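Letter by letter, the chains look like this.
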Amino acid sequence: MPATIICIGMAGSGKTTFMQRLNSHLHTKKTPPYVINLDPAVLKVPFGANIDIRDSVKYKKVMEEYNLGPNGAIVTSLNLFSTKIDQVIKLVEKRSESFENVIIDTPGQIECFIWSASGAIITEAFASTFPTVIAYIVDTPRNSSPTTFISNMLYACSILYKTKLPMIIVFNKTDVQSADFAKEWMTDFESFQSAMQADQELNGEDGTSSGYMSSLVNSMSLMLEEFYSQLDVVGVSSYTGNGFDEFLSAVDNKVDEYNEFYKAERERILKQKEEDEKKRKSQSLNKLMKDLDIEKQKSGATKGADSEVLSDYEDENDDSHGEVLRDEDEPEREYTFPGDRSSELDPKADADLQARYQEAFNSTAKSASSKTAEAIAEYIRK
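All values reported here derive from a predicted model rather than from experimental measurement.

Student: Can you walk me through the confidence of the model for the protein chain in this structure?
Tutor: Summarising the model, the protein chain shows a mean pLDDT of 80, and 74% of its residues fall at 70 or more. Contacts of residues 320-327 to residues separated by more than four positions or lying in other chains number 2 contacts, the stretch itself having pLDDT below 50. Scored below 50 in pLDDT, residues 333-345 shows 2 contacts in the model against residues more than four places distant or in partner chains.

Here you go:
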């Protein structure tokens, strides 16, 4: 798979010129790259782009239609373009056998690409398909001050942990000022301390420390020491073409690093997301089935309440069928009924008593009012 190089950097760092020189350098090696331009606001591109965002999104029309400023129009243009990123990936995949590198130019407003949802979508789309490397372009003459240098490195650190992709720090414009001082600051802490002591922005005219600012820069430099160990640092000149062979070697190293570490980590993250999505769907399905079951029970209770409602003293798994079971230690009782007791009476001695009982019963039944009987029957039915 071709290596994808996403060029990112502050405004004025020379990204577009770097892209032009890298494109021409690869053409001289007979390995022309696949070029993509993602800057919708640029007027002229000094290199031939295979895919240009300006062909599908008109920057000025976006500003007029949505009443946006320059940065808002760039973000909106990237949002519109990101909706078709799957088609872009398919186009690159079709041509992947005919080239070895994909180089992507991004907008000069770095925050519009890195910290926007569309930038994350585009980066993720390429990183999940091709081995992707971030080339962070740094304006070397502007970073000669320790404070500016630390600020730029902190921004590079945030981009590294935001994208989670291999990064190459490219110190551009080395024809104006060599990048040896920056490489030394990144590898030798004492040399950076010496530069801090000599910096007039951090110290007073008498050479004494100004306090807070010096302590802050010192702490940040100590924190970035681990960050520097994860980077490849290259000095190039987009004007003369020096250092681009070293840059391509660094790209090959980062591609190997991507395949060994980053690809496995990204696959683990994607697998974890897939498992989390399956769990979420399963929980939603279980909740839905539970709600449907409750609704069925409610509807069944209204239709056949007398046959389905259990007594407070009954259990669903009760096999006694409503019968009251006797305890094992309880003694057996003998029950006598009127038919059985009739044999115990002497028919001759109790003939009068039996007749009186029958007469009393008949008289009571005749005297009982119909209203009382109806009331008793109604009570029994309730």
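Student: Just checking my understanding: could you explain the pattern of salt bridges for this structure?
Tutor: A side chain with one charge can pair with a side chain of the opposite charge if their charged atoms come near. A complete count under the given rule lists 8 salt bridges for this structure. In this structure, the salt-bridge partner of Asp232 is Lys254, at a minimum N-O distance of 3.9 Å. Remark: Lys254 occurs in helix 11 (residues 244-303) and Asp232 occurs in strand 7 (residues 232-235); sequence separation between them is 22 residues. Residue classification places Lys254 among the buried residues on the basis of a relative accessible area of 1%.

Student: Got a minute to help me understand the sheet that holds strand 5 (residues 132-139) in this structure?
Tutor: Backbone-to-backbone hydrogen bonds pair the strands of a sheet. The strands run either parallel or antiparallel. One open sheet accounts for 7 strands, arranged 3-2-4-1-5-6-7; its pairing is parallel. Two strands bound the open sheet, and with one partner strand each, they are strand 3 (51-52) and strand 7. Sheet topology note: the strand 1 (residues 3-9)/strand 4 (residues 101-105) ladder contains 5 bridges and is parallel. Its bridge partner lying in strand 4, Ile5 is registered against Ile103. Here helix 8 (residues 180-187) sits on the sheet in contact with strand 6 (167-172) and strand 7, set at roughly 165° to strand 7.

Student: Before we go on, may I ask you to explain the packing of helix 8 against helix 9 (residues 189-198) in this structure?
Tutor: Two measures define how a pair of helices packs: the angle their axes make with one another and the distance between the axes. Close contact between helix 8 and helix 9 brings their axes to 5 Å; oriented N to C, the two are set at 115°. Note on element contacts: helix 9 touches helix 8 through Phe189, Ser191, Phe192 and Ala195, opposite Glu184, Trp185 and Thr187.

Student: For this particular structure, what's the right way to read the side chain of Ser191?
Tutor: Tracing the backbone shows Ser191 in helix 9. Separated by 2.7 Å, the side chain of Ser191 and the backbone oxygen of Asp188 make a polar contact. With near-sequence residues (within four places) excluded, Ser191 lies in contact with Glu184 and Trp185.

About the thresholds
Residues numbered from 1 in each chain as written. Predicted model: local features only at pLDDT ≥ 70, side-chain atom pairs only at ≥ 80, totals over all residues. Heavy atoms only, no water. pLDDT = per-residue confidence, 0-100. Contact = heavy atoms within 4.5 Å. Salt bridge = Lys/Arg side-chain N within 4 Å of Asp/Glu carboxyl O. Helix = DSSP H or I, 4+ residues; strand = E, 2+ residues; numbered from the N terminus. Buried < 20%, exposed > 50% of the residue type's maximum accessible area, 1.4 Å probe, protein only. Pairing = 2+ DSSP bridges. Axes fitted to C-alpha atoms, helices over the stretch in contact; angles between N-to-C directions. Polar contact = N/O pair within 3.5 Å; in protein donor to acceptor, adjacent residues only side chain to side chain.

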